[in-house]
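Reading the structure
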Amino acid sequence: MKKLLLFGLGGCALFTVGILIGHFAIQQRPKNLLFLNLRELTKVPHMATTKGDEETVQYVLKRWQDPTSGLDQAWREEYLVHLSFPDKNQKNSVKVGREKNYTSDQNDPEVVQPYAAYSPAGHAKGKLIYANQGKTSDYEHLNNTLNLTGTIAIVRYGGAGRGAKAINAAPFGVIGVLVYTDPGDINDGLMSDLNETYPHSWYLPPSGVERGSYNSQFGDLLTPYLAAKQDTYRIPKETITGLPPIPTQPIGFEDAFKLICDVKMDIYNKEELKNSSNVMGVIRGSVEPDRYVIYGNHRDSWVHGAIDPSSGTAVMLEITRVLGKMVKEGKWRPRRSIIFGSWGAEEFGLIGSAEYTEEYYTKLFERSVAYINVDISVFGNATLQASGSPSTQSVLFTASKQVKTPGHNSASVYDNWLQYFNRSSPTYGLIPNVGHLTGAGSDYAAFIHFLGITSMDISYTYDRSKTKARIYPAYHTAYDTFDYASKFIDPGFTSHQTVARTAGNVLLRLADSLLLPFNCSDYAESLEQYLQVALDNFQEELSKHGISMGELCQQQHITCVRLNTASLSGERSTVVNIRRINDQLMLLDRAFLDPMAFPDKYAYRHVIWASRSSGLATFPGLADAFEGAKNSGLKQDWSKAHKHLSIVAQAIAGAASTLEEVI
């Protein structure tokens with residue numbers, strides 16, 4: 001077994017990472033532990049706060065409290081949160097069909113009917129219009145030739161957020177919105193369940209409906225910036241923003257194809273306060289117990305959720321089994337504490353993880369080293385994909401080089417990843433591409449955007465050169481089942497094993513390395529790329545309005561985002577110096593937080609990675625403000641662009657200063 005030298009506090013301790021990695025689902029046989037995990041997790045639908053969800057809470061708790069392979073401590077934490085459900089006694093109706101039963105899974109009485117969470121209840125009847133993706137520009141285009149007042153819009157997924165499709169429609173007089181999954185976007189155009197779609201392949205059957213949350217913010221909507229406990233102050237319901245103002249309903253492409261002329265919508269959604277649980281577990285660190293490496297995955301699903309999220313839960317349970325067993329046997333204990341989070345109510349807007357960060361804000365802000373998110377662990381079985389803060393690139397690369405690609409004796413996960421997703425780096429040449437965490441697609445959002453904790457998201461995915469599917473086709477439907485996962489996504493569960501080994505390797509490096517394996521030079525490279533895009537697209541127009549980009553162009557600020565660890569040689573390798581360097585590395589992302597930068601965006605405070613509406617890959621506040629000013633031409637909007645230019649320039653200078661020698 002290849003051995004990796006990981007440094008301990010008083011010298012160095014030899015730790016056999018190769019052996020530990022090999023423990024993750026040790027044999028690639030059909031009924032391995034990952035197989036058993038996934039089968040158990042997907043026996044029943046487990047939407048947040050339902051009976052099935054409670055069963056998964058108990059299952060995870062039982063595993064983490066096991067006397068031979070459990071964690072040091074495991075517990076549940078509850079939040080009273082604002083959710084949206086369809087009325088069980090009155091079915092939402094668009095006078096169309098329902099999802100067809102192909103297996104007993106779809107026939108389970110706990111399968112929630114297709115609905116748009118947080119759509120208002122209501123009844124709408126009107127002429128049907130096709131509005132493409134429901135972007136504002138789509139409605140503007142239609143409004144040039146049609147009177148949209150009193151119409152119902154049918155739109156396809158993509159282009160705009162779920163809730164935005166209805167928010168964009170209402171000002172034009174549209175009274176209802178139907179959202180469907182276009183077979184051209186998800187099925188490579190295939191539409192027949194006789195021989196083309198599930199149950200014959202991974203493609204979505206014609207009646208399949210993608211459920212989802214239609215709110216525009218994450219976290220509990222009634223308690224922004226406060227943990228949603230029993231007696232917490234709640235804002236009035238009518239002051240919630242970012243929700244669909246008109247009845248909205250998802251449908252299958254079979255029904256979208258049939259609908260013509262007048263349409264009648266009857267939506268009976270209702271909103272409730274419900275108790276939702278996170279399950280938490282911890283392995284205490286032996287040297288720096290006050291430094292936390294956090295690993296999380298949400299537990300709730302829309303229906304059975306074999307891929308989303310149970311593939312990730314299965315991987316997390318295997319990692320905790322291996323690590324827990326070694327701790328119980330006295331063979332190993334990490335240098336830093338490891339916190340595991342099984343988040344509740346993610347599908348309704350990342351609620352469990354957001355409430356956790358709100359409740360423990362100060363402790364997490366001061367002590368967290370990194371957050372690893374593995375939501376959907378396996379979208380497909382072709383290659384690894386990862387997104388994260390730029391400083392995580394090096395640890396992702398190192399870990400992936402130590403894990404073999406399924407079915408290959410020599411090729412590493414890194415080698416395979418390089419073939420599928422790559423970019424040219426001015427520093428390293430051709431390397432795998434690590435994406436940026438610029439939105440709120442999963443539970444990393446509160447950690448990176450709100451707390452500024454260095455974060456990453458890891459999964460295995462399909463070969464995108466062979467399909468145009470925007471995501472695995474059964475996403476958020478009644479067909480995301482164990483049968484679907486085991487036949488069409490990951491037969492043999494080798495990709496699940498690969499993610500467990502890779503994510504486990506990353507986790508161990510973050511928890512055990514003497515020096516945190518973050519590379520500030522990689523952050524500098526990303527900032528320089530963002531700067532170049534900004535210069536190419538904004539400089540000329542800004543100068544016409546008397547706005548100089550000089551403060552952002554001071555390259556010394558960007559190139560200063562580097563950290564010289566060579567000073568740790570010889571006598572300077574003291575406990576204090578090591579702790580100081582690690583704190584500088586740990587707090588780098590925190591240095592980019594500005595709580596006043598985006599006052600209209602809940603929890604977005606990271607001025608580099610906040611969400612943006614602009615299509616340009618550059619500083620989000622500047623990009624959106626520039627686009628708004630160019631469209632309006634108003635002086636106050638150009639002033640806003642200038643303000644965001646100063647915000648990002650000073651954030652970079654401030655971050656660079658945190659990496660200098662301590663005064």
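Residue indices begin from 1 for each chain and proceed along its sequence in written order. Reporting of local features is limited, given that this is a predicted model, to residues whose pLDDT is at least 70; pairs of side-chain atoms are given and counted only at 80 or more, and all residues count toward the totals for whole chains, interfaces and linings. With hydrogens and water excluded, all non-hydrogen atoms of the structure serve as input to the side-chain values.

As recorded by an unreviewed UniProt entry, the chain carries the name Aminopeptidase NAALADL1 and is attributed to Denticeps clupeoides. Per UniProt, the comment on the chain under Function (unreviewed entry) is "Aminopeptidase with broad substrate specificity. Has lower activity with substrates that have Asp or Glu in the P2' position, or Pro in the P3' position. Lacks activity with substrates that have both Pro in the P3' position and Asp or Glu in the P2' position. Lacks carboxypeptidase activity. Lacks dipeptidyl-peptidase IV type activity." As stated in UniProt under Subcellular location (unreviewed entry), the record for the chain gives "Apical cell membrane". UniProt positions are given in the numbering used here, feature names are shortened, and annotations may be inferred rather than shown by experiment.

So, about the overall build of the chain. When helices and strands are counted, the chain shows 20 helices and 18 strands. When the backbone C-alpha atoms are referred to their principal axes, the chain occupies close to 80 × 65 × 50 Å. The buried share of the chain, reckoned over its 663 residues, is 59%. Two residues form a contact once any of their heavy atoms are found within 4.5 Å. Residue pairs in contact within the chain that sit at least 24 positions apart in sequence constitute 78% of those at least 6 positions apart. Carbon and sulfur atoms provide 51% of the accessible area of the chain, an area that totals close to 25700 Å². Positive and negative charge centroids in the chain, built from 64 and 68 side chains respectively, lie 4 Å apart. A helix here means a DSSP run of H or I that spans at least four residues, while a strand means a run of E at least two residues long, and both kinds are numbered starting from the N terminus. Residue exposure (1.4 Å probe, protein chains only): buried if accessible area is under 20% of the type maximum, exposed if over 50%, otherwise partly exposed. Using the Shrake-Rupley algorithm and a 1.4 Å probe, accessible areas are obtained, with residue cover drawn only from the displayed protein chains. Charge assignment: positive for Lys and Arg, negative for Asp and Glu; neither His nor the chain ends contribute. In plain terms, the charge of a residue is placed at NZ if it is Lys, CZ if Arg, CG if Asp and CD if Glu.

With that out of the way, let us pick up the side chain of Asp-483. Note on placement: Asp-483 falls in helix H14 (residues 482–489). Whenever two N or O atoms come within 3.5 Å, that pair is a polar contact, provided that in protein one can donate a hydrogen and the other can accept it, and provided that, for residues adjacent in sequence, both atoms are side-chain atoms. Within polar-contact distance, the side chain of Asp-483 engages the side chain of Lys-487 at 3.0 Å. Excluding anything up to four places from it in sequence, Asp-483 contacts Thr-103 and Tyr-198.

With that out of the way, let us pick up the domain arrangement of the chain. Bear in mind that the domain bounds are from an automatic or database domain assignment. Under the domain assignment, the chain is made up of domain 1 (28–43 + 291–512), domain 2 (84–273) and domain 3 (520–659). Throughout, the accessible surface (probe 1.4 Å) given up by two parts as they are put together, summed over both, is called the buried area. Taking both sides of the interface into account, the surface hidden between domain 1 and domain 3 amounts to around 2300 Å²; carbon and sulfur atoms contribute 45%. Each salt bridge in this description consists of a side-chain nitrogen of Lys or Arg and a carboxyl oxygen of Asp or Glu lying within 4 Å of one another. Along the contact surface separating domain 1 from domain 3 lie two salt bridges. We note a salt bridge from Arg-423 to Glu-525, for which the minimum N-O separation is 3.0 Å. Elements represented by at least two residues in the side of domain 1 that touches domain 3 include exactly helix H9 (351–359), helix H10 (361–367), strand E14 (368–373), helix H11 (393–401), strand E16 (422–425) and helix H13 (444–450). Looking at the side of domain 1 that touches domain 3, the element that brings in the most residues is H10, giving five residues. Charged residues are taken to be Asp, Glu, Lys and Arg, nonpolar residues to be Ala, Val, Leu, Ile, Met, Phe, Trp, Tyr, Cys and Pro, and polar residues to be all remaining types, Gly included. The residue makeup of the side of domain 1 that touches domain 3, split by class, is 14 nonpolar, 13 polar and seven charged.

Our next topic: the packing of H11 against helix H12 (residues 413–420). Packed helices, taken two at a time, are described by their axes: the angle between them and the distance between them. Remark: H11 packs on H12, axes separated minimally by 6 Å, with the N-to-C direction vectors making an angle of 120°. Comparing their axes, H12 and H11 come out oblique. For the pair H11 and H12, the contacting residues are Leu-396, Phe-397, Ser-400 and Lys-401 in the first and Val-413, Tyr-414 and Trp-417 in the second. Class assignment of the residues belonging to the contact of H11 with H12 gives a composition of five nonpolar, one polar and one charged. Structural elements are reduced to axes, namely lines fitted to C-alpha atoms, with helices fitted over the stretch in contact, and the angle between N-to-C directions of any two is expressed from 0 to 180 degrees. Throughout this description, any angle smaller than 35 degrees is read as roughly parallel, any larger than 145 degrees as roughly antiparallel, any in the 65 to 115 degree range as roughly perpendicular, and the remainder as oblique.

Here Trp-343 shows up in strand E13 (residues 336–343). Of the residues examined, Trp-343 reaches a relative accessible area of 0% and is grouped as buried. For the pair formed by Trp-343 and Glu-355, sequence separation is 12 residues and the distance between their alpha carbons is 9.7 Å. Here the side chain of Trp-343 touches Tyr-371 through a polar contact of 3.0 Å, side chain to side chain.

On to the nonpolar core. Generally speaking, nonpolar side chains in soluble globular proteins are found buried as a group. Take the buried residues of types Ala, Val, Leu, Ile, Met, Phe, Trp, Tyr and Cys, join any two whose side-chain atoms come within 4.5 Å, and each joined set is a nonpolar core. Ranked by internal contacts, the top residues of the largest apolar core, which has 177 residues, are Phe-340, Phe-348, Tyr-472 and Phe-619. Sequence-distant contacts of Phe-340, that is, excluding residues within four places in its chain, are made with Trp-64, Leu-71, Val-279, Met-280, Gly-281, Ile-283, Tyr-295, Met-316, Ile-319, Thr-320, Leu-323 and Leu-507. Membership of the second largest hydrophobic core comes to 17 residues, among which are Val-155, Tyr-157, Tyr-214 and Ile-246.

The description of two aromatic rings rests on the distance between their centres and on the angle between their planes. Pairing of aromatic rings covers Phe, Tyr and the six-membered ring of Trp, with a centre-to-centre limit of 6.5 Å; geometry is then stacked below 30 degrees between planes, edge-to-face above 60, and tilted otherwise. For the coordinates displayed, the defined rule picks out 39 aromatic pairs. Between Phe-379 and Tyr-472, the aromatic rings sit 6.4 Å apart at their centres with planes inclined by 65°, giving edge-to-face as the arrangement. Placement of the pair is Phe-379 in the loop between E14 and strand E15 (383–388) and Tyr-472 in the loop between strand E18 (455–461) and H14, with a sequence separation of 93 residues. A single burial state applies to Phe-379 and to Tyr-472, both of which are buried. Here the aromatic cluster, defined as three or more aromatic residues joined through ring pairs, consists of Tyr-102, Tyr-198, Phe-379, Tyr-472, Tyr-475, Tyr-479, Tyr-484 and Phe-488. Just above the ring of Tyr-604 sits the side chain of Lys-601; from NZ or CZ to the centre is 5.9 Å. Counting as a charge over the ring demands two things of the Lys NZ or Arg CZ atom: a distance within 6 Å of the ring centre and an angle within 35 degrees of the ring normal.

All right, on to the sheet that holds E14 then. Whether two strands pair depends on DSSP finding at least two bridges between them. In space, the seven strands of this open sheet follow the order E3-E11-E13-E12-E14-E18-E15, with mixed pairing throughout. Two strands lie at the open edges of the sheet, namely strand E3 (73–85) and E15, each paired on one side alone. Direction aside, neighbouring strands of the sheet carry axes that sit 20° apart on average. Where strand E12 (residues 288–298) lies against E13, eight bridges are found, and the strand directions are parallel. Bridge pairing links His-298 to Trp-343 in E13.

Right, let's get into the sheet that holds strand E9 (residues 248–251). A sheet is described by the order of its strands in space; here five strands give the open sequence E9-E7-E6-E5-E10, paired in mixed fashion. Unpaired on one side and paired on the other, E9 and strand E10 (262–267) mark the two borders of the sheet. When the angles between neighbouring strand axes are averaged without regard to direction, this sheet yields 35°. Note: strand E6 (residues 152–156) against strand E7 (residues 176–180), five bridges, orientation parallel. Counterpart to Ala-153 in the pairing with E7 is Val-177. Contacts from helix H5 (residues 162–169) reach E6, E7 and E9 within the one sheet, and its direction differs from that of E7 by about 150°.

This next bit is on the UniProt feature "domain: Peptidase M28" (unreviewed entry) in the chain. Taking the numbering used here, the UniProt-annotated feature "domain: Peptidase M28" (unreviewed entry) corresponds to residues 278–486. From the first C-alpha to the last, residues 278–486 spans 27 Å; its make-up is 31% helix and 25% strand.

Using only the protein atoms, space was sampled on a 1 Å grid; points where a 1.4 Å probe fits but cannot get out form cavities, open sets with protein on both sides within 12 Å along at least five of seven lines form pockets, and lining residues are those with an atom within 4 Å of a point. Grid points are joined across faces, edges and corners, and a volume is the space filled by probe spheres set on the points. Taken as a whole, the second largest pocket encloses approximately 570 Å³ of empty space. As for the second largest pocket, its lining consists of 27 residues, of which Lys-88, Glu-110, Val-111, Val-112 and Gln-113 are closest to the centre. Broken down by element, the residue count for the lining of the second largest pocket peaks at three residues, all from strand E11 (residues 270–283).

In the contact formed by helix H19 (residues 620–632) and helix H20 (residues 635–658), the axes pass within 8 Å of each other and the chain directions differ by 165°. Accordingly, the angle class assigned to the pair H19 and H20 is roughly antiparallel. Seen along the crossing, H19 lies across H20 with a hand that is left-handed. Residues Gly-621, Leu-622, Ala-625, Phe-626, Gly-628, Ala-629, Lys-630 and Ser-632 of H19 form the contact with H20, whose own contacting residues are Asp-637, Trp-638, Lys-640, Ala-641, His-644 and Leu-645. A per-class count over the contact of H19 with H20 returns seven nonpolar, four polar and three charged. Each crossing gets its hand from how the near helix is turned against the far one by less than a right angle, where anticlockwise is left-handed and clockwise is right-handed.

Where like charges cluster on the molecular surface, the positive patch consists of Lys-88, Lys-91, Arg-98 and Lys-270. Turning to its location among the elements, Lys-91 is positioned in the loop between E3 and strand E4 (116–117). Residue Lys-91 is classed as partly exposed on the basis of its relative accessible area, which comes to 46%. Patch building starts from residues that exceed 30% relative accessible area and form no salt bridge, then joins like charges within 9 Å and nonpolar side chains (Val, Leu, Ile, Met, Phe, Trp, Tyr) within 5 Å.

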